[in-house]
Amino acid sequence: MNYGIDIWGLNNFFIDNDKVAINYGNEPSLFEIVKDIEKEGYEGPILLRFPHLIRKQINTLYSNFNRAIKEFNYEGEFKAVFPLKVNQFPTFVEPLSKIAKKYNYGLEAGSKAELILAMSYNHLSAPITINGFKDKDMIRLCFIAAKMGYDITVTIEGLNELDSIIEISKEFGECLVNVGIRIRLHTGGSGIWAKSGGIESKFGLSATEIIEALEKLKKENLIEKLRMIHFHIGSQINDIAPLKKALREAGNIYADLINLGAKNLRAINLGGGLGVEYSQNEEIRDKNYSINEFANDVVFLLKEISTKKQVRMPNIFTESGRFIAASSAVLITPIIELFSSEYTKKALRLKDKNPPLIDEMNALYESLNSNNYIEYFHDALDHLESLLTLFDLGYIDLIDRSNAEVLVNLIIKKVIIFASQKGFKHTELKKINERTQEKYLANFSIFQSLPDFWGLGQRFPVMPITHLNKAPARSATIWDITCDSDGEIEFNKNNPLYLHDVDLNKEEYYLGFFLIGAYQEILGMRHNLFTYPNEATIEFDEDGNYKITNLFGTQTLNDILIDLDYDIDEIHRKLKTLIENTNFNEEEKKELLGQTLLYLNDTVYLKK
Ligand SMILES: Cc1ncc(COP(=O)(O)O)c(C=O)c1O
């Protein structure tokens, strides 16, 4: 079982005997890296960043568009910016900025804070694009960026923003920024993020407003500043058809605007949306196109429309973020418990005289074999149900009930072994597995690390990073450590996840969640005050040896509370007073206080 690594893995990882290894440099395994980090004293979930995968994606984006441009004799250029909303963390942005230089890759900002980042990390020759709602201060900041020497395009989301640009141009004596217009297409996107496009979308100007903007720009002698039209039909475009429709619509708006006098209009910005394949299952793909097809369609269609309407071919801008960032981060979470692990033979407390059904269940367990296990499994479930009814009616006690639980779980474990020897081919065996899932408690928070799973049901590839030379036998549900029943990735029989039956007293077991580098970190919530996991960057030197840099531990309890604006000294004082008011002697009080303060300096994730 390879967990669909050939579907979602982009050849970035491979299975090397029993472990997931990195297909780069000296090909270390993820397990080896995790152990190196743990040796430094870090425990709990670890987010690994791979700058070489950011470079790979940027290169793939540029090379595909430049290839298509050559192939179709396209007369415009390809330009791209990274939308900062996708990942604003310094350990992502700093390596991205270094890689960007060679490609003249720019940044997109959607707020004043992101704009400051763009102004600090963009290369002067690379473009900056500005989207989202803007007040006058934000537009002034854009003018300041232009004064610094940046080629910055402010995309207006409404006519009032154009009025602000006109007013600020007067303050500065001239319009220093390029103007872009976000167009409200009637074409909508598809998939769970499709709301960004379409006639009801929150963003963009209608056809009437576009014409009004054009007239305003002409009246103010600013028409030569209109350089770009922009659209974005939603993140994670899963079907190429709406994109093609959107391109036709945008291409015609572009050509008509030039014909109406927008003499310097030179670019179409497609926004983001280039999809990522998250699927682990051949049958349920997340998107129906490749980057190759995407680039071909964009270049071909824009050439066709420009030629037909006899206007110059536009430069093509993209703001793809997910495509660039998703693969660059992997979360490794230790499994700290298997729900059924307490159901061992030792947990049986059989009495001298048991209820007859318990004795029968015990006999089923002892005599279960590869011929009778399906029948005995059914009998055991039947017995369990009867025993639970007897308990409710007061005929058996808590010890009997516990014995019933233990026995049924012992039987299930045996059944799974026999069933897995037969490869789960039989539908009845599949059903057994679906009904008897193992719950894996993983040391992480879904709310913090996979918020799109919680909020939108977006699935991320998940697989164990070891044990891969053994067939996984257990249908798995993953529980996180928050006190929230939503903190669960339930077993889904249409998209099943099987994991290994491990004895955590003897071996370690880690799950890797892949493709989490886009959006997840900044959207992550501090539910139950579980904050960022530990993190590290994995870099490779010229000889291919990996080194761990930017190793940061997760926050201490003190820091978490300070972040919430608690007065930490006040908290320390309160705790100290409570301890001082106890009846312990001075020595014991000191010890108690010391221990409490030590915990406040420790982290929130669980320890072994
Ligand atoms: C205007 C704009 N550009 C670019 C993006 C990035 O999209 P993606 O990460 O899907 O490429 C977004 C995200 O929704 C956006 O709103």
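As a reminder, the structure under discussion sits directly above these lines.
Read on for an overview of the structure. Owing to the predicted nature of the structure, the values given are computational and were not obtained by experimental measurement. (Residues numbered from 1 in each chain as written. Predicted model: local features only at pLDDT ≥ 70, side-chain atom pairs only at ≥ 80, totals over all residues. Heavy atoms only, no water.)

1. Considering the packing of helix 9 (residues 240-259) against helix 10 (residues 291-309)
What counts is decided by this rule: Only the stretch in contact is used when a helix axis is fitted, and all axes are lines through C-alpha atoms; the angle between N-to-C directions ranges over 0 to 180 degrees. By definition, any uninterrupted DSSP run of H or I lasting at least four residues is a helix, any uninterrupted run of E lasting at least two residues is a strand, and each is numbered from the N terminus. Note that the term roughly parallel is reserved for angles under 35 degrees, roughly antiparallel for angles over 145, roughly perpendicular for angles of 65 to 115, and oblique for everything else. Handedness of a helix crossing follows the sense of rotation of the near helix relative to the far helix, less than a right angle counterclockwise being left-handed and clockwise being right-handed. We call two residues in contact when some of their heavy atoms are within 4.5 Å. Note on residue categories: nonpolar means Ala, Val, Leu, Ile, Met, Phe, Trp, Tyr, Cys or Pro, charged means Asp, Glu, Lys or Arg, and polar means any other residue, Gly included.
Contact geometry for helix 9 and helix 10: axes closest at 9 Å, N-to-C directions at 30 degrees. Between helix 9 and helix 10, the crossing angle belongs to the class labelled roughly parallel. Relative to helix 10, helix 9 is oriented so that their crossing is right-handed. Contacts between helix 9 and helix 10 pair Ile240, Leu243, Lys244, Leu247, Arg248, Gly251, Asn252, Ala255, Asp256 and Asn259 from the former with Glu293, Phe294, Asp297, Val298, Leu301, Leu302, Ile305 and Lys309 from the latter. Its residues assigned to classes, the contact of helix 9 with helix 10 comprises 9 nonpolar, 3 polar and 6 charged.

2. Regarding the pairing of strand 12 (residues 329-338)
For clarity, the threshold we go by: The classification of residues rests on relative accessible area computed with a 1.4 Å probe and restricted to protein chains. Under 20% of the type maximum is buried, over 50% is exposed, and intermediate values are partly exposed. Strand pairing follows a simple DSSP-based rule, namely that at least 2 bridges must link the two strands.
The element strand 12 is largely enclosed, with a buried count of 8 among its 10 residues. Sheet topology note: the strand 3 (residues 46-49)/strand 12 ladder contains 4 bridges and is antiparallel. Along strand 12, the bridge assignment pairs Arg49 with Ala329. Alignment of strand 12 against strand 13 (residues 438-442), held across 3 bridges, turns out to be antiparallel. From the neighbouring strand, Ile335 faces strand 13, where its bridge partner is Ala442.

3. Structural notes on unusual backbone geometry
Non-glycine residue Tyr519 carries a positive phi angle of around 70 degrees. Topologically, Tyr519 is positioned in the loop between strand 18 (510-513) and helix 18 (520-523). Relative accessible area serves as the criterion here: at 18%, Tyr519 is assigned to the buried category. Despite not being glycine, Asn550 shows a phi value in the positive range, around 45 degrees.

4. Looking at the packing of helix 13 (residues 373-392) against helix 14 (residues 398-421)
The interhelical angle for the contact between helix 13 and helix 14, taken along N-to-C directions, is 165 degrees, at an axis separation of 10 Å. Considering the angle they form, helix 13 stands roughly antiparallel to helix 14. For the element pair helix 13 and helix 14, the recorded crossing hand is left-handed. Here helix 13 contributes Tyr373, Phe377, Ala380, Leu381, Leu384, Leu387, Leu388 and Phe391 to the contact with helix 14, which in turn contributes Leu398, Arg401, Ala404, Glu405, Val408, Ile411, Ile412, Val415, Phe418 and Ala419. The residue inventory of the contact of helix 13 with helix 14, partitioned by class, reads 16 nonpolar, no polar and 2 charged.

5. Here's the deal with the sheet that holds strand 4 (residues 78-83)
Pairing is parallel around the closed barrel formed by 8 strands, whose spatial order is 4-5-6-7-8-9-10-11. Adjacent strand axes in the sheet meet at a mean angle of 25 degrees, parallel and antiparallel pairs treated alike. Sheet topology note: the strand 4/strand 5 (residues 106-109) ladder contains 3 bridges and is parallel. Its bridge partner being in strand 5, Val81 is matched across the sheet by Gly106. Running over the sheet, helix 5 (residues 112-121) touches strand 5, strand 6 (127-130) and strand 7 (151-156) and is turned about 165 degrees from strand 5. Where helix 7 (residues 159-172) meets the sheet, it contacts strand 7 and strand 8 (178-182), and its direction lies at approximately 140 degrees from that of strand 7.

6. Quick notes on the site of the ligand
Counted only if it meets this: For this purpose, a residue is taken to be near a molecule or strand whenever a single non-hydrogen atom of the residue falls within 4 Å of it. Definition of a polar contact: a pair of N or O atoms within 3.5 Å, with one able to donate and the other able to accept a hydrogen when the atoms are protein atoms, and with sequence-neighbouring residues admitted only if both atoms are side-chain atoms. The protein chains shown are the only cover counted for residues, whose accessible areas, like all others here, come from Shrake-Rupley with a 1.4 Å probe.
Within the structure, the ligand sits among 16 residues, and Ser235, Glu319, Gly321, Arg322 and Tyr519 are positioned closest to it. A distance of 3.0 Å separates an oxygen atom of the ligand from a polar side-chain atom of His232. Between Glu319 and the ligand, the recorded distance is 2.8 Å, taken from a side-chain N or O atom to a nitrogen atom. Protein contact buries 92% of the 400 Å² of open area that the ligand shows by itself. By residue class, the composition of the shell around the ligand is 3 nonpolar, 9 polar and 4 charged.

7. Observations concerning helix 7
We apply this condition: Every helix has an expected span of 1.5 Å times one less than the residues it contains.
For helix 7, spanning 14 residues, the distance from its first C-alpha to its last is 20 Å, which sits close to the expected 20 Å at 1.5 Å a residue. Along helix 7, the positions that sit buried rather than exposed are Leu159, Glu161, Leu162, Ser164, Ile165, Ile166, Ile168 and Ser169. Here the buried face of helix 7 lies against helix 6 (136-148), strand 7, strand 8 and helix 8 (207-219). Phi turns positive, to about 90 degrees, at Gly173, one or two residues after helix 7.

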